[in-house]
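Chain and residue survey
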Amino acid sequence: MKSLFTVIAGLLTTVLSVSSSFGNVAAPEIPLPVAPVNNGALILYLPSPSDKGGVSEFPETTTITETTTVTEATTVNDATTATETTTTFETRPPKETEMSAETDDTPFFTNEVVQELSPEPLLVFSRNISTIIEDLSEFSSKDGTVIKRTFRPELGESYIQLARGGRVRNETKTDETFLLSESVLLPEFVPEKNNEPQVLIIHTHTTEGFRIFDDGSYDREYSFRTLDSRKSVVAVGAKIAEEIAKEGYAVLHDGTVHDYPAYSGSYKRSEETIKSLLSEYPSIKIVLDIHRDAIESEAGVPIAAVNEINGRDAAQIMIVSPADDGEWDVPDYMKNFRLASLLQSHLETQNAGITRALLFQYCNYNLNLSPGSLLIEVGSHGNTLEQAVYAGELLGRSIGQMLNELNTN
């Protein structure tokens, strides 16, 4: 018999297929931008300032119709051209669904400390990591096939080429010249190699999972969510932490579950977690909220954002950096942007093609809690766990090398 989490989480499949991993939906009075599909499902919705990043993930009724332009770059005889096709689709998020374990005998994780904060090899500190083991073998139908796609460097007026590598997608009114001048400035903090945490990794949507099978198929009943920390974004966060620590920097990885038993209010709960940990460990300079995206075709088929790196398939990574036009309560957002730009360039310099464009967007998502805060999407629900963990390994290495650069300047 399927666990309560699996049954109820299945009710959210439709929601997840049309929402970003953030879960915010545009306020009706804010016009939606025309957006290439290659930034994933999250670009469907421009979050409302009143939500400040996720206090209310789903509205009771919202219908959104948007024209999406897919831009592909092709090169023939050293000449690059762009071919554009346009599709139109409609999404209708359902009413909020609450998940509860009160009517089931199945044990569930309650955010109590499973493992106390204690030094581990490589200076990784783990906290609140779920010990639940979930058997996903029941989802063995293989009745769907994912679309495997590599998102190439984008073309268009909203895209900015960073001087050191990588691109930015500017979804704000901020001047391009100003952004470029800010992108070359280094963050103001200096990381230290000691036993005090320098980096905090958390997961607002802790139960986000990945495709089970590595043959391109998936079970249509699987919700792509799990409490098993070995199979969710928590496993990706663990790999990122391990790689950063190899460079000598202490990392605190917190696996507190914020999106179960209730999904709505995830960002409010993660805000409390982040504030508490920043207060307890003032040595923390970087806060990373690790997610996975939910990219789908017009027909609702999961898309695996993947590229071959060093002979292996890696899930592609997208960094989200906040912007503020006076309504989002992120006064130091350009400091976040400097860090995001530096990391984007390190990623692309060390592993070309590992990223999608850095998304610079009016948002909050708790990124106002520290000028060193970033939200990072590692792959999508169409990717396998192996692809996502490998991407986490590459991401962690780049972060470690970025910290070394900051440490020597």
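Below is a short write-up of the structure. (Residues numbered from 1 in each chain as written. Predicted model: local features only at pLDDT ≥ 70, side-chain atom pairs only at ≥ 80, totals over all residues. Heavy atoms only, no water.)

1. With respect to the pairing of strand S11 (residues 286–293)
Condition: Burial here depends on accessible area, computed with a 1.4 Å probe over protein chains only, as a share of the maximum for the residue type. Under 20% is buried, over 50% is exposed, and the range in between is partly exposed. Where helices and strands are cited, they refer to DSSP runs of H or I of at least four residues and of E of at least two residues respectively, numbered from the N terminus. Only when DSSP finds a minimum of two bridges between them are two strands counted as paired.
Of all eight residues making up S11, eight are buried, and the element is well covered by its neighbours. Here S11 shows no split at all, with Ile-286, Leu-288, Ile-290 and Arg-292 on one side and Val-287, Asp-289, His-291 and Asp-293 on the other all buried. Here four bridges tie strand S8 (residues 199–202) to S11, and the two strands are oriented parallel to one another. Residue pairing for S11: Val-199 is matched across the bridge by Ile-286.

2. A word on unusual backbone geometry
Residue Pro-261 is bonded to the preceding Tyr-260 through a cis peptide linkage, with omega at 10 degrees. In this fold, Pro-261 is placed in the loop between strand S10 (251–254) and helix H5 (266–280). The residue Phe-224 is not glycine, and still its phi comes out positive at about 60 degrees. Positionally, Phe-224 belongs in the loop between strand S9 (217–218) and helix H4 (233–245).

3. Section: the sheet that holds strand S7 (residues 167–170)
Keep this limit in mind: Working convention: axes come from line fits to C-alpha atoms, limited for helices to the stretch in contact. Angles between N-to-C directions cover 0 to 180 degrees. We call two residues in contact when some of their heavy atoms are within 4.5 Å.
One open sheet accounts for nine strands, arranged S3-S10-S8-S11-S16-S14-S15-S7-S6; its pairing is mixed. At either end of the open sheet lies a strand with only one pairing partner, and these are strand S3 (124–127) and strand S6 (159–161). This sheet shows a mean twist of 25 degrees between the axes of neighbouring strands, independent of strand direction. Across four bridges, strand S14 (residues 317–323) lies against strand S16 (residues 373–380) in antiparallel orientation. Bridge pairing links Met-318 to Glu-377 in S16. Sheet strands in contact with helix H6 (residues 333–350) are S7, S11, S14, strand S15 (358–362) and S16, and its direction is about 165 degrees off that of S14. Taken strand by strand, helix H7 (residues 385–408) contacts S8, S11, S14 and S16, and its axis lies near 150 degrees from that of S16.

4. Structural notes on the packing of aromatic side chains
Note the following rule: Classification of ring pairs rests on two measures: the distance between centres of Phe, Tyr or Trp rings, Trp counted by its six-membered ring, which must be within 6.5 Å, and the angle between planes, read as stacked under 30 degrees, edge-to-face over 60 and tilted in between. Two conditions define a charge sitting above a ring: the NZ of Lys or the CZ of Arg must be within 6 Å of the ring centre, and it must be within 35 degrees of the ring normal.
A complete count under the given rule lists six aromatic pairs for this structure. For the pair Phe-337 and Phe-360, a centre-to-centre distance of 4.9 Å together with 55 degrees between the ring planes defines the contact as tilted. In this pair, Phe-337 sits in helix H6 while Phe-360 sits in strand S15, placing the two residues 23 residues apart along the sequence. Judged by its relative accessible area of 1%, Phe-337 is buried. Here Arg-312 stacks its cationic end above the ring of Tyr-390, 3.8 Å away from the centre of that ring.

5. Considerations on H5
Inclusion rule: In a helix, the anticipated span is given by 1.5 Å times the number of residues less one. Working definition: the arc comes from the directions between the helix axis and the C-beta atoms, pointing outward to the latter.
A rise of 1.5 Å per residue sets the reference length of H5, with its 15 residues, at 21 Å; its end C-alpha atoms lie 21 Å apart and thus fit the reference within 8%. Taken as a whole, H5 has its buried residues at Ser-266, Tyr-267, Ser-270, Glu-271, Thr-273, Ile-274 and Leu-277. Each buried residue of H5 sits inside an arc of 165 degrees when the element is viewed along its axis, so together they form one side. Seen from the open side of H5, the exposed residues pointing more than 90 degrees away from its buried face are Glu-272 and Ser-279. Buried positions along H5 lie against S3, S8, S10, S11 and S16.

6. Details of the pattern of salt bridges
We apply this condition: A pairing counts as a salt bridge when a side-chain nitrogen of Lys or Arg comes within 4 Å of a carboxyl oxygen of Asp or Glu.
A complete count under the given rule lists 20 salt bridges for this structure. Where Arg-225 meets Asp-259, a salt bridge forms, and the shortest distance between an N and an O atom there is 3.3 Å. Taken together, the residues Arg-225 in the loop between S9 and H4 and Asp-259 in the loop between S10 and H5 connect sequence positions 34 residues apart. Glu-242 is the partner of Lys-239 in a salt bridge, and the nearest nitrogen-oxygen pair spans 3.4 Å. Pair noted here: Lys-239 and Glu-242 are both in helix H4, with a separation of three residues, about one helical turn. Classification of Glu-242 as partly exposed rests on a relative accessible area of 27%. When salt bridges that share partners are traced, they join Lys-239, Glu-242, Glu-243, Lys-246, Glu-393 and Arg-397 into one network.

7. Re the environment of Glu-327
Mapped onto the elements of the fold, Glu-327 is located in the loop between S14 and H6. Since its relative accessible area comes to 44%, Glu-327 is described here as partly exposed. Along the primary structure Glu-327 and Tyr-362 are separated by 35 residues, whereas in three dimensions their C-alpha atoms are 8.8 Å apart.

8. Regarding the sheet that holds strand S5 (residues 147–149)
The mixed open sheet is built from three strands, whose spatial order is S5-S12-S13. The sheet is open, and its two edges are formed by S5 and strand S13 (312–315), each paired on a single side. With direction set aside, neighbouring strand axes in the sheet form an average angle of 45 degrees. Where S5 lies against strand S12 (residues 303–309), three bridges are found, and the strand directions are parallel. When the sheet's bridge partners are listed, Lys-148 is paired in S12 with Ala-304. Relative to the sheet, H7 contacts S12 and S13, its axis offset from that of S13 by approximately 80 degrees.

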